[in-house]
Amino acid sequence: MKILFVAAFALFVFSTFDKADSSSYDKIVFHSRVRARKEGPNVCALQQVMGTKKKYFSNCRNWYRGAICGKKATVLYECCPGYMKMEGMAGCPAVASIDNVYGTLGLVKATSTQKYSDISKLRPDIEGPGSFTFFAPSNDAWELLDETMRSGLVSNINIELYNALHYHMANKRLLTKDLKNGMTVTSMYNDLGLQINHYPNGVVTVNCARIIHGNEVATNGIVHVLDRVVSAVGNTIKDIIEIDDDLTTLSDVALTAGFLEKLGQPGHYTLFAPTNEAFESLGSEVLERLQGDKAVLTALLNFHLLDSVQCSEAIMAGTSYETLEGNTIDIGCDGESLTVNGIKMVRKKDIVTTNGVIHLIDQVLMPDSAKQVMELVGSSQSTFGDMVSELGLSAAMRPGTEYTLLAPFNAAFNDEVMSMDQSLLKIILERHILKGKIVLGELFNGQLLETIAGKFLRVFIYRTGVCIENSCLVRGSKEGSNGALHLTRTILKPAEKSMFEILTENRGFKIFLSLMEAAGLTDLLKQEGDFTLFAPTDDAFSHLSESDLSLLKSDMNALRTILLYHINNGIFIGDGLETGVTNLLKSLQGSNLRVMPANNSMLVNSVDVLESDIMATNGVIHFISQVLYPADVPVGSQDFLMLLNKLITYFKIKFISGFRYQEIPLTFLKRNIIQEGQPAIIKVTRVIEGQPAITKVTRVIEGQPAITKVTRVIEGQPAITKVTRVIEGQPAITKVTRVIEGQPAITKVTRVIEDQPAITRITRGRLSVTSDGINFGPGGQLN
């Protein structure tokens, strides 16, 4: 028992070390063995593409899809490499006796290679002493070889065939775990290199030929079976471009951009090379534009180049690859050929070079960075692109000038929009074209963007979104050679009127406006600022009688508490709110509003928003169906509680007998009074409520000289009034009057004349009032 345990433990340790040192190929063979464990020992599960002879040790993705390259694949169960069946026994319980390389070729059914080794006089070499790796083409691989080429090899058996087979050999033992991605193996023919690629999906290629049966051990080496015959490689990508008649335009373009030399340097590249016809299909005007801008041309060429070798046999499903331009392309397959960005465009694949591989394509891949701004418009914004062209806006875009498009999706152009008068529609579309190239990363909150019509749009930045006026940007922004494009879900409706003007003209908010007036808050709806207003409609007050409204207006603090709870500082757009969570917005009253997006609209405190995102010059309005009330504020009067219960139905208001509403400081309120006449006077009153209360009044009297008068009243005992008059002129004069009201009244005047040298004059005296005005007593003077 102890010996059995030691043996089992040793097997576990060795298998662990072996697995740790295993390659992607080895791992995928191991998983194929696991999938076939019900079939018996040493059986591997393979997938065969229907209608072809191609078989793969498949990865999990293709296995569970039941397809390879989008083609349905059937499951086969075969002996894993190195194992054999035995009659009457399940699975593959036997291993063949080890033989030399020549004999092993027969074991792995590479009999054509075995035959050609015999007739080319290579057999003695691979039967004799040595340590070789033979990349042996399968029988099918020889059949796929061009008939003329195969006949030429066989007819000159003593030289060409021998050399060709020697090119498939290396003078050392190399298992798949030794075949590292990007390595070059020196062949036994003139020391020419074999380009090895070992991919994460388990595919191993030699000059882009796939190993379909690997790691067959021989007494004097290793045999790997390939799916095609490989040819000697000696040219770089640059060499191929310069000598291929189908790539002369590409050669010229690459030379113009200074790009050709790069393709001759060592590396591991994949080039999707457009043919001459592909460039011709662009049209002469586009081709001339590209060649006239070296930066754009370089971006175009880099978009066709990958910094890795992607052989066609390694592509088993669609995958995105980053190009040297920085953006990605999708490389897929459809069974026999490659696709690029979902399009079957590869005319010839796997032209192997010393620094990579070339696939010829019949279309030019155009990156966004090489496109004009109107070329950035995609199929999902085609209506916008068509309308911009039809209404002459694209023709008006000056060459050499940069623009930014705010492109709505096609669905935004509903029947209502499309039925508009064309002159109005043109004005709307002009709002979607900005001056200058503005990329997504340059946008910031509060930024003003100028349209080609000279109008300005506001930018709002949120945790999960960027919005311009009422429309938020969606993923998919693009940057072109002379501009940028950002996608939007809706038509832009920038602000033209204040919140007060919008509500007044709507005529559905008379009660709310009357309450705002009663509370002394109407100016808040008129003044400049960035506010969000949840405005209850008249229907929200339908259950109130005239006496109820009178009661509501009778308590100023209560009325302001309710009204200011509907307003918060900052502009919040529906699409800018984070989905799946409650967004807390602090109201001007002080309590939080709980806002959640719901069904293409939103809920505030579980109240439906009837219409959202009505943009105003001083904020945004959302129409709501009920009055809101802060849940953390109780009610102290039964009459007031009964009134509020008629308005508030979405939660139960807490009652605390004797509770009184607190006064809310109106620090956010600005009063601007403009008196027309000579001279013009602007008066600003700012009230800072606290202990002591302070009122600050600024009056600007425009004239010659201009005078600024500031009155600051500090209410307390004694009351203090401080007046500052600034007379702008040469020299500038500042006069400060400080009046301390009491018995006796004291006036202190400081007069500063700003000049060189500065002069300060202080006058102190007692104040008396006569019929002629205000006079100072002895020692005082009033000017």
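Because the structure is predicted, anything quoted here is derived from the model rather than measured.

1. Digging into the overall build of the chain
Okay, so step 1: For the chain, the count of helices and strands is 23 helices and 41 strands.
Okay, so step 2: Once local pairs closer than 6 in sequence are excluded, the contacts in the chain between residues at least 24 apart make up 55%.
Okay, so step 3: Total accessible area on the chain is roughly 39,600 Å²; 52% of this is exposed by carbon and sulfur atoms.

2. Thoughts on the sheet that holds strand 1 (residues 43–49)
Okay, so step 1: Pairing is antiparallel across the open sheet formed by 4 strands, whose spatial order is 2-1-4-3. Each edge of the open sheet is held by one strand with a lone partner, namely strand 2 (55–56) and strand 3 (67–68).
Okay, so step 2: One ladder, built from 2 bridges, connects strand 1 with strand 2; its direction is antiparallel. Within the sheet, the bridge partner assigned to Q48 lies in strand 2 and is K55.

3. Brief notes about the packing of helix 21 (residues 546–554) against helix 22 (residues 556–564)
Okay, so step 1: Two numbers describe how helix 21 lies on helix 22: the axes approach to 5 Å, and their chain directions differ by 95 degrees. The angle between helix 21 and helix 22 places the two elements in the roughly perpendicular class. Together, L552, K553 and S554 of helix 21 and M556, L559 and I562 of helix 22 make up the contact between the two elements.

4. Section: the confidence of the model for the chain
Okay, so step 1: The predicted model of the chain averages 85 in pLDDT, with 83% of residues at 70 or higher.
Okay, so step 2: Note that residues 1–20 has pLDDT below 50 and, in this model, 1 contact with residues that lie over four places away or in other chains.
Okay, so step 3: In the model, residues 674–678 has pLDDT below 50 throughout and makes 3 contacts with residues more than four positions away in sequence or in other chains.

5. With respect to the state of the cysteines
Okay, so step 1: As enumerated under the stated definition, the model contains 5 disulfides in all.
Okay, so step 2: There is a disulfide in this structure between C467 and C472, and the S-S distance comes to 1.8 Å. One quick way to see it: the torsion about the S-S bond of C467 and C472 is about 80 degrees, and its sign makes the bridge right-handed. Across the pair, exposure class does not vary: C467 and C472 are buried alike.
Okay, so step 3: Numbered by position along the chain, the disulfide-linked cysteines of the chain connect as 1-4, 2-8, 3-5, 6-7, 9-10.

6. Things to note about the side chain of K371
Okay, so step 1: Mapping K371 onto the fold places it in the loop between strand 18 (356–361) and helix 15 (382–390).
Okay, so step 2: Every residue in contact with K371, bar those within four places of it in the chain, is listed here: M366, L376, G480, S481 and N482.

7. Structural notes on the side chain of N355
Okay, so step 1: Following the sequence through the fold, N355 ends up in the loop between strand 17 (346–353) and strand 18.
Okay, so step 2: Looking at N355, its side chain comes within polar contact range of the side chain of T353, at 3.0 Å.
Okay, so step 3: Those residues in contact with N355 that lie beyond four places of it in its chain are T236, I237, L263, G264, Q265, P266, G267, H268 and Y269.

8. Focus: unusual backbone geometry
Okay, so step 1: One non-glycine residue, D191, adopts positive backbone phi at about 60 degrees.
Okay, so step 2: Within the secondary structure, D191 is located in the loop between strand 7 (184–186) and strand 8 (193–198).
Okay, so step 3: On the basis of relative accessibility, which here comes to 60%, the residue D191 falls in the exposed class.
Okay, so step 4: Even without glycine at this site, N605 takes up a positive phi of about 55 degrees.
Okay, so step 5: Along the chain, N605 falls in the loop between strand 30 (601–604) and strand 31 (607–616).
Okay, so step 6: Residue class for N605 comes out buried when judged on its relative accessible area of 3%.

9. Considerations on the nonpolar core
A general feature of soluble globular proteins is that nonpolar side chains tend to end up buried together.
Okay, so step 1: Among the nonpolar cores identified, the biggest contains 60 residues, and L503, L533, V604, I621, L628, Y629 and L644 are the most heavily contacted of them.
Okay, so step 2: The contacts of I621, once residues within four sequence positions are left out, are M499, I502, L503, L533, A535, E611, S612, D613 and I614.
Okay, so step 3: In this structure, I196, Y199, I329 and V357 belong to the second largest nonpolar core, which totals 50 residues.

10. Details of the pattern of salt bridges
Okay, so step 1: What the rule picks out here adds up to 22 salt bridges.
Okay, so step 2: A salt bridge links R123 to E127, with the nearest nitrogen and oxygen atoms 2.8 Å apart. Here R123 and its partner E127 are both found in helix 6 (residues 123–127), 4 residues apart, which amounts to about one turn of the helix.
Okay, so step 3: A relative accessible area of 33% means that E127 is categorised as partly exposed.
Okay, so step 4: Note that E313 is salt-bridged to R228, the shortest N-O span being 4.0 Å. Of this pair, E313 sits in the loop between strand 13 (305–306) and strand 14 (319–322) while R228 sits in the loop between strand 11 (221–226) and helix 10 (237–243), and the two are 85 residues apart along the sequence.
Okay, so step 5: The class of R228 is partly exposed, set by a relative accessible area of 22%.
Okay, so step 6: A single network of salt bridges, built from pairs that share partners, joins K54, R210, D227, R228, E313 and D350.

11. Some details on the sheet that holds strand 13
Okay, so step 1: Ordered in space as 13-12-18-17, the 4 strands form an open sheet in which the pairing is mixed. The outermost strands of the open sheet, each flanked by one partner alone, are strand 13 and strand 17.
Okay, so step 2: Note: strand 12 (residues 269–274) against strand 13, 2 bridges, orientation antiparallel. Pairing of T270 across the sheet is with L306, part of strand 13.

12. Some remarks on the environment of M366
Okay, so step 1: The topology assignment puts M366 in the loop between strand 18 and helix 15.
Okay, so step 2: For M366 and A299, which are 67 residues apart along the polypeptide, the C-alpha to C-alpha distance reads 9.1 Å.
Okay, so step 3: Apart from residues no more than four positions distant in its own chain, M366 is found in contact with L282, V286, L290, L300, F303 and K371.

13. Considerations on helix 15
Okay, so step 1: What helix 15 keeps buried is the set F384, G385, M387 and V388. Down the axis, helix 15 shows its buried residues gathered within 165 degrees of arc, on one side only.
Okay, so step 2: The inward-facing, buried residues of helix 15 abut strand 19 (403–408), helix 16 (415–418), helix 17 (422–430) and strand 20 (433–435).
Okay, so step 3: Positive phi appears at G392, one or two residues downstream of helix 15, with a value of about 80 degrees.

14. Focus on the pairing of strand 15 (residues 328–333)
Okay, so step 1: Of the strand pairs in this sheet, strand 14 and strand 15 are connected by 4 bridges, and their pairing is antiparallel. When the bridges of strand 15 are listed, T319 appears paired with I331.
Okay, so step 2: Linking strand 14 back to strand 15 in an antiparallel pair, the connection comprises 5 residues, with G326 at a positive phi of about 115 degrees.
Okay, so step 3: Of the pairings in the sheet, the one linking strand 15 to strand 16 (residues 338–340) comprises 3 bridges and is antiparallel in character. Its bridge partner lying in strand 16, G332 is registered against T339.

Cut-offs and rules
Residues numbered from 1 in each chain as written. Predicted model: local features only at pLDDT ≥ 70, side-chain atom pairs only at ≥ 80, totals over all residues. Heavy atoms only, no water. Helix = DSSP H or I, 4+ residues; strand = E, 2+ residues; numbered from the N terminus. Contact = heavy atoms within 4.5 Å. Areas by Shrake-Rupley, 256 points an atom, 1.4 Å probe, with all protein chains shown as cover. Pairing = 2+ DSSP bridges. Axes fitted to C-alpha atoms, helices over the stretch in contact; angles between N-to-C directions. Parallel < 35°, antiparallel > 145°, perpendicular 65-115°, else oblique. pLDDT = per-residue confidence, 0-100. Disulfide = S-S within 2.5 Å. Buried < 20%, exposed > 50% of the residue type's maximum accessible area, 1.4 Å probe, protein only. Polar contact = N/O pair within 3.5 Å; in protein donor to acceptor, adjacent residues only side chain to side chain. Core = buried A, V, L, I, M, F, W, Y, C linked by side-chain atoms within 4.5 Å. Salt bridge = Lys/Arg side-chain N within 4 Å of Asp/Glu carboxyl O. Arc of directions from axis to C-beta.

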